[in-house]
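Letter by letter, the chains look like this.
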Amino acid sequence: MVAGTPPDFAVGIIGAGFAGIIAAMQLQKQGRNNFIIFERADQVGGTWRDNTYPGCACDVPSHVYSIAAAPNPSWSRMFSPQPEILAYMQAVVRDNGLEGKIRYGADIVHAEFEESHGNWKLTDRQGRSVTVKAVIAALGPLNRPKWPDIPGIEAFHGKAFHTSRWDHACDLTGKNVAVIGTGASAIQVVPAIAPMVDRLTVFQRTAAWVSNRNDHPISQPQQRRYKRFPILQRLMRTIIYWVMEIRGRLFIGNRFLHRLEQRACLRKLEKEVQNPEIRRKLTPAYTLGCKRILQSDDYLPTFNRPNVTLVTDSIAEITQTGIRTADGAEFPVDVIIFSTGFEAAEIKTDATITGLDGREIFAEWAQTGMEAYKGTTFSGYPNFTYVLGPNTGLGHSSVLHIMESQMPYILQYLDALGQAGPNGYLDVKPEVQKAHNAALQAQFKGTVWESGCKSWYVNSQGKNTTLFPRLTREFRKQLAHFDASNYRRVE
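Residues numbered from 1 in each chain as written. Predicted model: local features only at pLDDT ≥ 70, side-chain atom pairs only at ≥ 80, totals over all residues. Heavy atoms only, no water.

A.B. asks: Could you give me a rundown of the overall build of the protein, with the residues and numbers involved?
C.D. replies: Of regular secondary structure, the protein possesses twelve helices and 21 strands. Over its C-alpha atoms the protein spans a radius of gyration of 23 Å, differing by no more than 12% from the 23 Å that the globule rule assigns to 491 residues. Dimensions along the principal axes, computed over C-alpha positions, put the protein at roughly 70 × 55 × 45 Å. Expressed as a percentage of the 491 residues in the protein, the buried residues total 53%. Taken as a whole, the protein presents about 21,600 Å² of accessible surface, with 52% of it coming from carbon and sulfur. Side chains of the protein give 55 positive and 46 negative charges; the mean places of these two sets differ by 8 Å. (Helix = DSSP H or I, 4+ residues; strand = E, 2+ residues; numbered from the N terminus. Rg over C-alpha atoms; globule rule 2.2 N^0.38 Å. Buried < 20%, exposed > 50% of the residue type's maximum accessible area, 1.4 Å probe, protein only. Areas by Shrake-Rupley, 256 points an atom, 1.4 Å probe, with all protein chains shown as cover. Lys, Arg positive; Asp, Glu negative; His and termini not counted. Charge placed at Lys NZ, Arg CZ, Asp CG, Glu CD.)

This is the structure in structure tokens:
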């Protein structure tokens, strides 16, 4: 290719989950229709396509876990179940005419910036290549299952699978089942499968703080009112958003709200778990909020069932027939379910993203930890943006709000890129990115996330690469204006 050859597309979006769909809708709204979406699977949905375990549902209220420009008046519950969320995403794609923009079965494994003409060459696992002027990565943080480092995993003769790779051919009815892990997926899986199995053994490493979910059906008359008077649903969305935003202050230093939440969680535990010994095992020993606060109305009462056992001794090994704990106890099981979360703070992948001077971003992050400028652009990787990138996660609200806050910034970035000429590019200045991240990491001081616990928010070097350490309104304010002086423009 010679310099000046136009790319195949102006923008390439990698991923067709919520982030990719939101990006595409915003591009369309601006009249930027020369884009393509690469999706590794055969349908849209991201994490809501991949996670199909029993009880799978959103842990954020439906009214705020939806796209602002595409309200859904037909949510059946306050917290939507997985099939409804996936159906909603499919409907948004269909209603916005995005289906023809998606290339399925296109797992992008190599992205290389070609400096001479300011384009990215994207190559999928089949070896097919496409050039784009700009990339919007919409990969999502919760799509790489984390497997525990337990000796003997390969030796087990029964069925074993991760919650995000649920084996629907495996009938759990009447089986002796083990669930390893007690995080956000486990608190949904455990109560869903407990009534069908003969015995359920839950292996807990760390007790979780569990708060009330307050889930309930949304009546059909209410759904009809939302459909007829959309302003009512917008009002409900606004109210929920601000309640969550106020609650978010407990994470960043508001001691009154923190004490209030902690007392509510302890009262819930006292009320819902009958056995004092089990209650003791389920009582967290770390600061509330340092790990993710879980929401459930039925998880804790599940431990009152006679067929459910909670084990807190560490696992020594997995044997051919079950699990052996450090105290020598044997637990024969037919099925092991790993509810051990995702690789969020660090990315382990065979994909490569190569920027200026042969730099490769995943290799760099392995040394420095993931970081970006405002969670969106990366020094040394021009014309490359990321929706829900490093330090954009939340402990209190909907990440869809973060995605929608990033897109105006990305659109301004694309406007500025358009002024750089056909072979030009924009690269955030390294000193700007460095200063931004130094200030961001300093903001964790005084928050619950720096209270000493070990969580998936933090990488192996002890750096929080996952969360934004303030409220969502501050994030939106930070990304409202694009300052071209923070970028090096090459024409």
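Once the structure has been displayed, the description carries forward.
A.B. asks: Requested: an account of the pattern of salt bridges, with residues and values cited.
C.D. replies: In total, this model carries 23 salt bridges according to the counting rule given. Here R473 makes a salt bridge to E245, at a shortest N to O gap of 3.9 Å. Of this pair, R473 sits in helix α12 (residues 472-478) while E245 sits in helix α6 (residues 230-247), and the two are 228 residues apart along the sequence. Taking relative accessible area as the criterion, R473 reaches 40% and is therefore assigned partly exposed. When its relative accessible area of 1% is taken as the criterion, E245 is described as buried. Each of E39, R40, R49 and D50 takes part in a single network of salt bridges with overlapping partners. (Salt bridge = Lys/Arg side-chain N within 4 Å of Asp/Glu carboxyl O.)

A.B. asks: Let's hear about the environment of F362: which residues, and what values?
C.D. replies: Structurally, F362 is set in helix α9 (residues 361-368). Note: C-alpha distance between F362 and I21 (341 residues apart in sequence) is 25 Å.

A.B. asks: Explain empty space enclosed by the protein to me, using residue names and the numbers behind them.
C.D. replies: Counted according to the given criterion, the structure contains four cavities of 30 Å³ or more. Here the largest cavity defines a volume of roughly 50 Å³. In terms of lining residues, the largest cavity is bounded by A208, W209, V210, C265, L266, L269, L282, P284 and L300. Sort the elements by how many residues they give to the lining of the largest cavity and helix α7 (residues 255-272) lands first, with three residues. (1 Å grid on protein atoms, 1.4 Å probe; cavity = no way out; pocket = protein on both sides within 12 Å on 5 of 7 lines; lining within 4 Å. Points joined across faces, edges and corners; volume = space filled by probe spheres on them.)

A.B. asks: I'd like a description of the side chain of H436, backed by residues and values.
C.D. replies: Summarising the element assignment, H436 is placed in helix α11 (residues 430-442). In contact with H436, other than residues within four places in its own chain, are A372, Y373, K374 and Q478. (Contact = heavy atoms within 4.5 Å.)

A.B. asks: Outline the state of the cysteines, listing residues and values.
C.D. replies: Note on terminology: disulfide describes a covalent bond linking the sulfur atoms of two cysteines. In total, this model carries one disulfide according to the counting rule given. Here C56 stays free of any disulfide, with the sulfur of C58 as its closest cysteine sulfur at 9.0 Å. Between C265, a cysteine without a disulfide, and C290, which holds the nearest cysteine sulfur, the sulfur-to-sulfur distance is 14 Å. (Disulfide = S-S within 2.5 Å.)

A.B. asks: Explain the sheet that holds strand β8 (residues 176-180) to me, and be specific about the residues and the numbers.
C.D. replies: Reading across the sheet, the five strands line up as β7-β16-β8-β9-β12 and stay open at both edges, with parallel pairing between neighbours. Looking at which strands have only one partner, the edges of the open sheet turn out to be β7 (159-162) and β12 (308-311). Between one strand axis and the next, the sheet turns by 15 degrees as a mean value, whatever way the strands run. (Pairing = 2+ DSSP bridges. Axes fitted to C-alpha atoms, helices over the stretch in contact; angles between N-to-C directions.)

A.B. asks: How would you explain α11 if you had to name every residue and give the values?
C.D. replies: A rise of 1.5 Å per residue sets the reference length of α11, with its 13 residues, at 18 Å; its end C-alpha atoms lie 18 Å apart and thus fit the reference within 8%. Where α11 is concerned, the buried positions are V432, Q433, H436, N437 and L440. Along α11, the residues classed as buried sweep out an arc of 125 degrees about the axis, all on the same side. Projecting away from the buried face of α11 at angles above 90 degrees are the exposed residues P430, E431, K434 and A442. In this fold, the buried residues of α11 make contact with β18 (377-378), β20 (425-428) and α12. (Expected span 1.5 Å × (residues − 1). Arc of directions from axis to C-beta.)

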